[in-house]
Amino acid sequence: MRARSLIAVGVACAIASTSCGVPESGSTDSLVLADAYELGGYNPVAGYGAAGEAKVYDGLLRLTSSTGAPGFAPALATALPAAEGDATVWTVPLRPGVRFSDGSAFDAADVVATYRAILDPASASEVRSSFAMIERVEAVDPLSVRFTLRHPYAAFGTKLLIGIVPSEAVATPGPATESPLNTAPIGTGPYRLTVLEPTRAVFEANESYWGGAPSVKRLTVLSVPDDNTRAQRMAAGELDGTSLPPLLAAATSGGRMSLQTNTSADWRGVSMPEGDPVAGDSAVRLALNYAVDRQGMIDNILGGYGRPAYTPFADVYGESYDPTAFFGFDRARAEQILDGARWLAGSDGVRVKDGVRARFTVMYNSTDTLRRDLALAFASDARRVGIEVDLAALSWDRIEPRVAQAGILLGGGSEPYDPDTQAYNTLHSPPPDPSTGSPYDNASRHADPTIDAQLELARRSTDPAVRAAAYRDVQRRYAQAPSHVFLVHLDHTYVVKDSSWTMSGPVLEPHAHGVTWGPWWSLQTWTR
Amino acid sequence: MGRSRFRGRGLRAMAGWRLVTVIPVLAAVSAALFAAAALSPFDPLVGYLGARYETTSVTDRALLTDQLGLDASWYQLYGRWIGALFSGDLGDSRAFAQPVSTLLAQRLPWTILLVAVAMGVAIAVALGAGVWAGMHRGGLVDRLVTASCVIMQGLPPFVVSLAAIAVFAVGLGWLPPAGLTDAGAEVGFGQVVRHLVLPAAALAVSQVPWLLLAVRESVSGNRGEDFVVGAATRGIGTATITGSHILPSSLAPFVTILGARLPEVVVGAVLVEEIFSWPGIAGAFVRSAKDLDMALLAILTVGTTCAVMLGSLLADIAVALLDPRVRADG
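Here the structure is a predicted model, which is why all the values come from computation and not from measurement.

Here is what the cut-offs are and how they apply
Residues numbered from 1 in each chain as written. Chains lettered and ligands numbered in written order. Predicted model: local features only at pLDDT ≥ 70, side-chain atom pairs only at ≥ 80, totals over all residues. Heavy atoms only, no water. Helix = DSSP H or I, 4+ residues; strand = E, 2+ residues; numbered from the N terminus. Buried < 20%, exposed > 50% of the residue type's maximum accessible area, 1.4 Å probe, protein only. Areas by Shrake-Rupley, 256 points an atom, 1.4 Å probe, with all protein chains shown as cover. Lys, Arg positive; Asp, Glu negative; His and termini not counted. Charge placed at Lys NZ, Arg CZ, Asp CG, Glu CD. Polar contact = N/O pair within 3.5 Å; in protein donor to acceptor, adjacent residues only side chain to side chain. 1 Å grid on protein atoms, 1.4 Å probe; cavity = no way out; pocket = protein on both sides within 12 Å on 5 of 7 lines; lining within 4 Å. Points joined across faces, edges and corners; volume = space filled by probe spheres on them. Nonpolar A, V, L, I, M, F, W, Y, C, P; charged D, E, K, R; others polar. Contact = heavy atoms within 4.5 Å. Buried area = accessible area lost by both parts, 1.4 Å probe. Salt bridge = Lys/Arg side-chain N within 4 Å of Asp/Glu carboxyl O. pLDDT = per-residue confidence, 0-100. Pairing = 2+ DSSP bridges. Axes fitted to C-alpha atoms, helices over the stretch in contact; angles between N-to-C directions. Core = buried A, V, L, I, M, F, W, Y, C linked by side-chain atoms within 4.5 Å. Phe/Tyr/Trp six-rings, centres within 6.5 Å; stacked < 30°, edge-to-face > 60°. Left-handed = near helix turned anticlockwise from the far one by under 90°.

(A) Structural context of the overall build of chain B. Of the regular secondary structure elements, chain B holds 13 helices and two strands. Its C-alpha atoms give chain B principal-axis dimensions of about 85 × 55 × 35 Å. Per-residue burial over chain B gives 45% buried out of 330 residues. Surface accessibility of chain B: about 15100 Å² in total, with carbon and sulfur atoms responsible for 71%. Taken as two groups, the 22 positive and 21 negative side-chain charges of chain B have centres that lie 13 Å from each other.

Quick look at the structure:
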């Protein structure tokens, strides 16, 4: 197949005048990438580039490359912000002499306006919940801003990655999706949008970028929604890179194209609701954690591109990760736990305890094929130890009323840049006022005062050692009495045409992916 | 003479009557769309928030619902939409974060180009091959054409499209696999023509079988009719008989089928645009429906309904003009 497509490309080049349409890819300083998503929507207030991956914008901070959890480096800030008092007040010094792509100067008013626009109800911002801890943001002077939070929050650096827009662009309150920034972004970033057509966007290097002009001068992003079409255009040699699902990426790579992966903290797992006599039973929860074959799911469903998840914490969290908090695949041990808790096998193989049949429902969003496949694998592994899992493919509005009664195949890891954003909402007991959280936070509705105390301690402390110790405690405690069955962390797969560029190195990716991530997440730092 | 004037008047009356009914039909279709959306299992907030739906707090969801006006009853939303429409405001698409008018202006021409070329080719092929097959029924060509039509009829447009890319773009390298231009190139005549070939062919292939089989059927049926047999016995040549006797009366059923197939063409265009990443408006249809992006969905629905109704009206007019046996009072 690969050999044939290479020959095909050769034939194509031979019929040069009509066929070999590769005018720009391969040329010295430009790249052509294909994305699965629609183009446009380049408005940070609506949530675009919330982790600072947007090429036209800079955040106050940016991520640094790492094989583990990335660190933060100052971008529009001049230094990492220091917390005052108990981590409720954060002052950020700003970079002088920076200009937006429309020529206007960057200062504290722009930072204040951007964060206020995100929090303004009139913007209907998609990321508003993620910034709910900010009570106030104000300019101290033209080159420093102060954030005052509703509660101490040590992970506040994660909220300083989002792109800053000029204050003029958000002067009129209104829905973020109706802002001109969506199609004509104005930022301080290393690239500028010069062409936006329905399926093609062109970004040109910002020659006066404060961080130095990027070496890759021109980035063309095509919108190619169909996975197979992207694979075929890649095989035809038209593209420098694209994102593809694991199995298709493996089939497409080869020859001059290599498969690259970025790890992510994007997890999938099953909630085990406290209110259900079976799923809420501590022995059933523990036994299922031993009964699921996580590596089997990774090999068969993810094509090998994933890692087992035992808690929301992945090994990328280094000191905050406790490698002893894990459940090896051990069916015999699962059965032993169930037998010990008097869940005894009935005549049809399904266990029964005190007249209660070991049976519960797991719901998954019907449009998500990955969740469907994982739910099927979970149900089949559970059945092997005598627990019957009924699956229900539903839309979110049908799932939601039953959160407390049935399990859900959940996903998480949309903000993986601190253990707090990664785990707090999933493991902390439900808040006294449920409307301040999402119904899917701690969908098992499990409450453990020890876990709560450690999560809270880590949230308030600015001492990395204290925080790491607290998170390790959380994991050890969780492993004794798990409230979920976490299954896998996903890897995101990309196919890249070989080139002489020195790329920027890997980064931990959030749930979102595409060609703004992958090997291109920090395109401005490529050299050769 | 008198008969032809009668037909002319009947035709005008029919056309006028049908045009008048377009307006209430469009009003009913759009109202039904808004009502159906209110009952839809899709939550517009899920479409709006995407992957962030699971992490958004209940308070913020209520706030977004309120700000975006998602909690209004369907007739309020419909009233607002109609009101804005009459003041010339098509609204903003939430899914694409762009004004609907911009989306239409950028994408509609590419869809029209694709559909027009594809249908032009489909009609030419169907007429040419259909008449030949009908005149030589049972011959080798006829059997070949009919068999391949039956096979093609069973192939969904996305299979045809992917196969076309695999064979002609990746395998043989004759044509570019997808897109409007080569990756990164500017839009230009030569570029667009080369990139149009595969998607237009794929869309044409999905329509040809129905049209071709209809032509073949009516041509071979008409061959046995009295007026053809009569002409042949009077010694009129085959070419003249085909051109002036068989073809005109065979065109009527063909045009009827053409009119009736218009909705299928729309569906075909949706799939073909998606697979070939063609920058048309049909590809936006599915997205707007999934996200309940009403501003875009409503205008696309109304536009498609309008196109189908006018298309079938044109077909009926053509039938009445082509076939003297049809009276235009239906």
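(B) Up close: helix H6 (residues 282-291) of chain A. All names here are of chain A. Burial within H6 is extensive, with eight of its 10 residues counted as buried. Looking only at H6, the buried set comprises Ala283, Val284, Arg285, Ala287, Leu288, Asn289, Tyr290 and Ala291. With a side-chain oxygen positioned 2.9 Å from the backbone nitrogen of Ala283, the residue opening H6 is Asp281.

(C) Examining the layout of surface pockets more closely. Residues and elements named next belong to chain B. The space that makes up the second largest pocket amounts to roughly 740 Å³. Looking at the lining of the second largest pocket, the elements with two or more residues in it are helix H1 (2-39), helix H4 (74-86) and helix H13 (294-322). The element contributing the most residues to the lining of the second largest pocket is H4, with five residues. A per-class count over the lining of the second largest pocket returns 17 nonpolar, six polar and six charged.

(D) Summary view of the interface of chain A and chain B. Each partner contributes residues to the interface: chain A has 64 residues there, and chain B has 51 residues. At the boundary of chain A with chain B, total buried surface from both sides reaches about 4800 Å², with 53% on carbon and sulfur atoms. Counting across the interface, chain A meets chain B through five salt bridges. For Glu400 of chain A, the salt bridge goes to Arg61 of chain B, with nearest N and O atoms at 2.5 Å. Secondary-structure elements contributing two or more residues to the side of chain A that touches chain B are helix H1 (2-14), helix H2 (16-19), strand S8 (191-197), strand S10 (218-223), helix H4 (227-235), helix H10 (396-399) and strand S19 (407-412) of chain A. Broken down by class, the residue content of the side of chain A that touches chain B amounts to 24 nonpolar, 26 polar and 14 charged.

(E) Spatial organisation of the confidence of the model for chain B. Residues and elements named next belong to chain B. Across chain B, the average pLDDT comes to 83, with 95% of residues at or above 70. Note that residues 1-6 has pLDDT below 50 and, in this model, two contacts with residues that lie over four places away or in other chains. On the interface metric, ipTM, the complex scores 0.81, and its pTM is 0.84.

(F) A look at the sheet that holds strand S5 (residues 89-93) of chain A. Residues and elements named next belong to chain A. The four strands lie next to each other as S4-S5-S7-S6, forming an open sheet whose pairing is antiparallel. Taken across any chain shown, the strands that pair with only one partner, and hence form the sheet edges, are strand S4 (82-84) and strand S6 (134-141). On average, each strand axis in the sheet is tilted by 25° relative to the strand beside it, whichever way the strands run. Bridge count for S6 against strand S7 (residues 144-149) is six bridges, and the pairing is antiparallel. Bridge pairing links Val137 to Phe147 in S7. This element, helix H3 (residues 108-119), spans S6 and S7 of the sheet and lies at about 165° to S6.

(G) Quick peek at the nonpolar core. In this structure, Leu60, Tyr115, Phe147, Leu288 and Phe378 of chain A are the most contacted members of the largest nonpolar core, which totals 152 residues. Counting residues per element, this core draws most heavily on H3 of chain A, which supplies eight residues. Those residues in contact with Leu60 of chain A that lie beyond four places of it in its chain are Pro74, Ala75, Leu76, Ala77, Val92, Leu94, Val111, Tyr115, Phe147, Leu160, Ile162 and Ile164 of chain A. Core analysis: the next-biggest nonpolar cluster, separate from the first, contains 73 residues, Phe96, Ala164, Leu251 and Ala252 of chain B among them.

(H) Seen up close, the sheet that holds strand S16 (residues 356-357) of chain A. Residue and element names in this part refer to chain A. The three strands lie next to each other as S14-S15-S16, forming an open sheet whose pairing is antiparallel. For this open sheet the edge positions go to strand S14 (344-345) and S16, each flanked by a neighbour on one side alone. Where strand S15 (residues 351-353) meets S16, two bridges bridge the pair, whose relative direction is antiparallel. Bridging from a neighbouring strand, Lys353 pairs with Val356 of S16.

(I) Geometry of the packing of aromatic side chains. According to the stated counting rule, one finds 27 aromatic pairs over all chains in the structure shown. Ring geometry for Tyr290 of chain A and Phe327 of chain A: centres 5.4 Å apart, planes at 90°, overall edge-to-face. Of the two residues, Tyr290 of chain A is situated in helix H6 and Phe327 of chain A in the loop between strand S13 (306-308) and helix H8 (331-340); the sequence distance between them amounts to 37 residues. Taken individually, Tyr290 of chain A and Phe327 of chain A each receive the classification buried, so the pair is uniform in this respect. Each ring, one from Trp110 of chain B and one from Trp278 of chain B, has its centre 6.3 Å from the other, and the planes form 85°; the classification is edge-to-face. One end of the pair, Trp110 of chain B, is in helix H5 (residues 100-135); the other, Trp278 of chain B, is in the loop between helix H11 (262-275) and helix H12 (282-290), with 168 residues separating them in the sequence. Residue Trp278 of chain B is classed as buried on the basis of its relative accessible area of 3%.

(J) Expanded view of the pattern of salt bridges. Residue and element names in this part refer to chain A. Evaluation of the coordinates by the stated rule reveals 34 salt bridges over all chains. As a salt-bridge pair, Asp473 and Arg476 come within 2.6 Å of each other at their nearest N and O atoms. Here the residue Asp473 and the residue Arg476 both occupy positions in helix H13 (residues 464-480), the gap between them amounting to three residues, near one helical turn. The exposure class of Arg476 is partly exposed, given its relative accessible area of 37%. One salt-bridge network, held together by shared partners, links Arg136, Glu138 and Arg146.

(K) Inspection of the environment of Val319 of chain B at higher detail. Residue and element names in this part refer to chain B. One can find Val319 in helix H13. Overall, Val319 belongs to the buried group, its relative accessible area being 8%. Each C-alpha atom, one on Val319 and one on Val197, is 31 Å from the other, the two residues being 122 residues apart in sequence.

(L) How the structure looks around the packing of H5 of chain B against H11 of chain B. Residues and elements named next belong to chain B. Packing of H5 against H11 leaves a shortest axis separation of 11 Å and a crossing angle of 115°. Note that H5 runs across H11; the crossing there is right-handed. For the pair H5 and H11, contact is made by Thr111, Leu114, Val115 and Met119 and by Val265, Ala269, Val272 and Glu273, respectively. Looking at side-chain class alone, the contact of H5 with H11 contains six nonpolar, one polar and one charged residues.

(M) Inspection of the environment of Ala468 of chain A at higher detail. Its place among the elements puts Ala468 of chain A in helix H13. The residues contacting Ala468 of chain A, other than those within four sequence positions of it, are Glu319 and Ser320 of chain A.

(N) Here's a closer look at the environment of Thr361 of chain A. All names here are of chain A. Mapping Thr361 onto the fold places it in strand S17 (residues 359-365). For the pair Thr361 and Ser347, spaced 14 residues apart in sequence, the C-alpha separation works out to 21 Å. With near-sequence residues (within four places) excluded, Thr361 lies in contact with Asp390, Ala392, Arg402, Ala406 and Gly407.

(O) Structural view of the pairing of strand S1 (residues 30-35) of chain A. Residues and elements named next belong to chain A. Burial within S1 is extensive, with six of its six residues counted as buried. Alternating residues of S1 divide into Ser30, Val32 and Ala34 and Leu31, Leu33 and Asp35, and every residue in both groups is buried. As defined by bridge partners, S1 adjoins S10 across six bridges and the pair is classed as parallel. Note that in S10 the partner of Val32 across the bridge is Thr220. Relative to strand S11 (residues 241-243), S1 runs parallel, the two being bridged by two bridges. The residue bridging Leu33 from the neighbouring strand is Gly241, located in S11.

(P) Unusual backbone geometry, seen in detail. Residue and element names in this part refer to chain A. Unusually for a residue other than glycine, Ala87 sits at a positive phi of about 65°. Along the chain, Ala87 falls in the loop between S4 and S5. With phi around 60°, Arg445 is a residue other than glycine that occupies positive phi space. In this structure, Arg445 sits in the loop between helix H11 (419-427) and helix H12 (449-460).

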